[in-house]
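# Descriptive structure summary
This is what each chain is made of:
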Amino acid sequence: MTWTHRGSRSSSCAVHGLTARGRNTLPLYSWHTSSPTHGPIASPTAAVRYSSNSAFVPRARKPAVDRDVIVSVLESSATRRDANGYLQKYTSKKPLPLPKPDVARFLQGTQPDQEVHGCHVQFNVAIVKLRVPQQLTTAVVYGIAKTLCQLRMLGLLAVVIVDCGIGESRQTFEDESLRLCEAVDSVLGQSTAKLANNIFAGQPSRCPTTLPSMFSDKMRVDDQELLRKALQHDMVVIAPSLARRDDLSVPQPAEPHETVLALTKYLNGMQFPTPTAGDEPSVEAQPKKIASVERLILLDPVGGTPMPSRPDLCHRFINLEQEYSSLISQLATLEVPKSDAAVDIEALRTVHVANLRLANDVVRLLPPSSSVLITTPLAAANMRPQIPSASLCPPSLGFAEMVTTRTQRNPLLHNLLTDRPASSPSLPLQRVQGESVGYFQMIDSGAATLVKRGMPVTIYPDPHLHPWSPPKPGSSRLRLTDTCIDLPRLIHLIEDSFSRKLDVEAYLDRVKDNLAGIIIAGEYEGGAILTWERPLNVPEQDAYQQGRLVPYLDKFAVLKKRQGSGGVADIVFNAMVQDCFPRGVCWRSRKNNPVNKWYFERSTGTCKLSESGWTMFWTTQGLGSKHPILGDYEAVCRGVQPTWADKKHILE
């Protein structure tokens, strides 16, 4: 057989290079500085809070804003499944308006509190924390405001906590909050934002801790119905991270970790009143859930969580159940490239660790479907700098000279529509275009980290204790019938994923002497069975001594209800190529399998096997078109016998 490189039309085999594909070049929006209707406000003091009677301005602006939203949705590259999930979750009927006092209502029985308040459907809310906005130009603030308005139009209301730094003055917090309010109002030309200037209050802690955590009760939200009413009117809420110690004190800068957790608990109905001596608990005093908090968005100039091995790149996805503890330890010892020697490394480590701790605390308070997105203010504004920076965003950063409009997808909108990172976390790094320009990922401001509670990953045997290597002939092997493996659940996972019945006895007999290991994600929601295979007619002893035992992916399965959501397939695939077989693995798939596109993007090479119904894939690096290892890979992929109960092996 002839092996040719990718791009040759004469052969079905290819060793494809890891190159990024082209991106959609449709612009999300453009700046028109000569037109006040479309351009950013000139300065914080020049912004105008439009009143509702300026109806001609919203009418003139609405087509342009709607067009921007449509283009943004198209650029997000949402699949049909993504679109269906979004429509089911975010396009339900909005809360009914409050009834007029003079309209008779005929009610029978006790009505729920939400119905009395005209809130039949809960609000979908994103809590946004914007760090050091005083370092951002008016254009960037306007871009962030525009994205917040687009999220609002797509069904997700934002409650923004403005964090100027614990050492800044109260006036700075209030000025920056007002500046963002005015920018939001200027997008549609009407009053769209609500300034919540005095909603946080400190209280004596019942469980003092050295670090803020989800168990902390040092802060509470003293709402007085402000948040509920603002959400009922579809308003974006802007709240400075200021808190008063008591009813008489002046609000002072507060720890943003505490204010975010307090707001999350309050909206989620988890802010319980502080008990006082002699008071009897009452039903009326119990907290009520105001909104469904879907996600936390952290807009921080340092960007997403960096990879310890490649600090110039950020994680695309973090599975907290699997990675949180190790990432916290790695971030504490994060190193800076020599080219970024001017960076305050201790301050950088502190910021990244604080962001990840906050993400972990918030998702523990929310349903498993919730998520946290960590990205830059430039990404939220859908803008990019022209020149990279090498400092931890000091006041002299010079965004005004660096910012241009960008044509890449907005990570906030993409995350809302797909609930996935902008690029798959299982894609090889070389396939992800433009994530690195120095230490802060500043050129591709879309580089973002999506954080989810995720699921635990169990690997037998543990590759960190016993790295997977070809076993000696006659040595003890792992068995699928071992007590550490729930065989009935594993069989159900395989049959549900493939929609075929497995011949269990035949399969167990096939893998009993060559099982390399097994990967289980969550409660058998996804998994992979990997084996050591030897080419046909090669004795076991010779295959071991000659290093010809082939690492082979025998089964890769995800429950149908988890396919395309939650990143289960990405989690299993990453565990396979990063922990189990970092030096490479091969597998086969039917030529007409719709999953082949997904496999192709994650493999190093691929080949359609002639006179068979199989396509072969591998992740091993450095295999030329005539490398002998590829011959062994092909022999294995041709020789493995299927073990399905229906015996329909037409393609095999």
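Residues numbered from 1 in each chain as written. Predicted model: local features only at pLDDT ≥ 70, side-chain atom pairs only at ≥ 80, totals over all residues. Heavy atoms only, no water.

Operational definition: UniProt positions are given in the numbering used here, feature names are shortened, and annotations may be inferred rather than shown by experiment.
The chain has the name Amino-acid acetyltransferase, mitochondrial in an unreviewed UniProt entry, where Hirsutella minnesotensis 3608 is given as its organism. What UniProt states about the chain under its Sequence similarities (unreviewed entry) heading is, verbatim, "Belongs to the acetyltransferase family." Per UniProt, the chain has the following entry under Function (unreviewed entry): "N-acetylglutamate synthase involved in arginine biosynthesis."

### Digging into the overall build of the chain
Test applied: Each helix is a run of DSSP H or I of at least 4 residues and each strand a run of E of at least 2, with the numbering of both proceeding from the N terminus. Accessibility here uses a 1.4 Å probe with only protein chains present; expressed as a share of the type maximum, an area under 20% marks a residue as buried, one over 50% as exposed, and anything in between as partly exposed. What makes two residues a contact is simply this: any of their non-hydrogen atoms within 4.5 Å. Methods summary: accessible areas were calculated by the Shrake-Rupley approach with a probe of 1.4 Å, and residue burial reflects only the protein chains presented.
A count of helices and strands for the chain gives 18 helices and 22 strands. Among the 652 residues that make up the chain, the fraction classed as buried is 53%. Sequence separation of 24 or more characterises 75% of the internal contacts of the chain that already satisfy a separation of 6 or more. Carbon and sulfur atoms provide 54% of the accessible area of the chain, an area that totals close to 30,000 Å².

### Section: the sheet that holds strand S15 (residues 449–452)
The following threshold applies: Two strands pair if DSSP finds at least two bridges between them. Axis geometry follows a simple rule: fit a line to the C-alpha atoms, using only the stretch in contact for helices, then measure angles between N-to-C directions, giving values from 0 to 180 degrees.
On the basis of which strands lie adjacent, the open sheet formed by 8 strands has the order S4-S7-S3-S2-S10-S12-S15-S11 and mixed pairing. Each end of this open sheet is capped by a strand with a single partner; those strands are strand S4 (193–195) and strand S11 (317–319). Adjacent strand axes in the sheet meet at a mean angle of 20° when their direction is disregarded. Where strand S10 (residues 291–299) lies against strand S12 (residues 371–375), 5 bridges are found, and the strand directions are parallel. If you follow leucine 296 over to S12, its bridge partner there is valine 372. Strands in contact with helix H12 (residues 411–418) are S10, S12 and S15; relative to S12, the strand with the most contacts, it is inclined by about 160°.

### As for the environment of arginine 349
With respect to the secondary-structure elements, arginine 349 resides in helix H9 (residues 345–365). By relative accessible area, arginine 349 is classed as buried at 14%. Through-space distance from the C-alpha of arginine 349 to that of leucine 334 is 6.6 Å; in sequence the pair is 15 residues apart. Residues contacting arginine 349, with those up to four places away along its chain left out, are Leu331, Ala332, Thr333, Leu334 and Glu335.

### Re the nonpolar core
Put simply, the rule is: What makes a nonpolar core is a set of buried Ala, Val, Leu, Ile, Met, Phe, Trp, Tyr and Cys residues whose side-chain atoms join them at distances within 4.5 Å. Marked domain ranges trace back to an automatic or database domain assignment.
One finds Ile144, Leu148, Val160, Ile519 and Leu530 to be the most contacted residues of the largest nonpolar core, which totals 72 residues. Counting only domains with at least three residues in this core, you end up with domain 1 (61–88 + 122–272 + 288–335 + 343–383 + 409–428 + 443–454) and domain 2 (457–639).

### Description of the packing of helix H8 (residues 320–332) against H9
Condition: Working rule for angles: under 35 degrees goes down as roughly parallel, over 145 as roughly antiparallel, 65 to 115 as roughly perpendicular, anything else as oblique. Here a crossing is called left-handed whenever its near helix is offset anticlockwise from the far helix by less than a right angle, and right-handed whenever the offset is clockwise. Here the nonpolar group is Ala, Val, Leu, Ile, Met, Phe, Trp, Tyr, Cys and Pro; Asp, Glu, Lys and Arg are the charged ones; every other residue, Gly included, is treated as polar.
The geometry of H8 relative to H9 is characterised by a closest axis approach of 9 Å and an angle of 160° between their N-to-C directions. Viewed along their axes, H8 and H9 adopt a mutual orientation that is roughly antiparallel. At the point where H8 passes H9, the crossing takes the left-handed sense. The segment H8 lies against H9, with Leu320, Glu321, Tyr324, Leu327, Ile328, Leu331 and Ala332 engaging Arg349, His352, Val353, Leu356, Arg357, Ala359, Asn360, Val363 and Arg364. Residues belonging to the contact of H8 with H9 are distributed by class as follows: 10 nonpolar, 2 polar and 4 charged.

### Thoughts on the pattern of salt bridges
This is how the line gets drawn: For this analysis, a salt bridge means a side-chain nitrogen from Lys or Arg found within 4 Å of a carboxyl oxygen belonging to Asp or Glu.
Per the counting criterion, the structure on display carries 26 salt bridges. Between aspartate 509 and lysine 512 there is a salt bridge, with the nearest N and O atoms lying 3.2 Å from each other. Taking the relative accessible area as the measure of exposure, lysine 512 reaches 35% and is therefore partly exposed. Aspartate 570 is the salt-bridge partner of arginine 602, the closest N and O atoms lying 3.9 Å from each other. On the criterion of sequence distance, the pair formed by arginine 602 in helix H17 (residues 596–602) and aspartate 570 in helix H16 (residues 568–580) is long-range, its members being 32 residues apart. Just as arginine 602 is buried, aspartate 570 falls in that class too. A single network of salt bridges, built from pairs that share partners, joins Arg510, Glu533, Asp554 and Lys555.

### A closer look at the environment of leucine 609
Within the element layout of this structure, leucine 609 appears in the loop between strand S21 (605–608) and strand S22 (614–618). When its relative accessible area of 0% is taken as the criterion, leucine 609 is described as buried. Sequence separation between leucine 609 and cysteine 637 is 28 residues; the distance between their C-alpha atoms is 8.8 Å. When neighbours within four sequence positions are excluded, leucine 609 is seen to be in contact with Lys591, Trp614, Met616, Glu634, Cys637 and Arg638.

### Remarks on the environment of aspartate 175
Here aspartate 175 is to be found in helix H5 (residues 170–188). Here aspartate 175 falls in the partly exposed class, since its relative accessible area comes to 41%. Between the alpha carbons of aspartate 175 and proline 240 there is a distance of 9.4 Å; along the sequence they are 65 residues apart.

### A few points about the side chain of serine 370
As a reminder, the rule being used: In protein, a polar contact requires one atom able to donate a hydrogen and another able to accept it; more generally it is a pair of N or O atoms within 3.5 Å, and residues adjacent in sequence count only if both atoms are side-chain atoms.
Topologically, serine 370 is positioned in the loop between H9 and S12. Take serine 370: its relative accessible area is 2%, and that puts it in the buried class. Within polar-contact distance, the side chain of serine 370 engages the backbone oxygen of proline 367 at 2.7 Å. When neighbours within four sequence positions are excluded, serine 370 is seen to be in contact with Val293, Glu294, Val363 and Lys452.

### Things to note about helix H14 (residues 504–511)
The following threshold applies: The arc in question is formed by the directions pointing from the helix axis toward the C-beta atoms.
Listed in full, the buried residues belonging to H14 are Tyr507, Leu508, Arg510 and Val511. End-on, the buried residues of H14 take up no more than an arc of 160°, which puts them together on one face. The elements touched by buried residues of H14 are helix H13 (487–498), strand S17 (515–521), strand S18 (526–533) and strand S19 (550–558).

### Quick notes on the pairing of S21
The pairing of S21 with S22 spans 4 bridges and is antiparallel. In the strand pairing of S22, lysine 608 is matched with threonine 615.

### Some words on the packing of helix H7 (residues 256–267) against H9
Closest axis-to-axis distance for the H7/H9 pair is 10 Å, and the angle between their directions is 15°. Classed by the angle they form, the pair H7 and H9 counts as roughly parallel. At the point where H7 passes H9, the crossing takes the right-handed sense. On H9, the residues touching His257, Val260, Leu261, Thr264 and Lys265 of H7 are Ala354, Arg357, Leu358, Asp361, Val362 and Leu365. Considered class by class, the residues forming the contact of H7 with H9 number 6 nonpolar, 2 polar and 3 charged.

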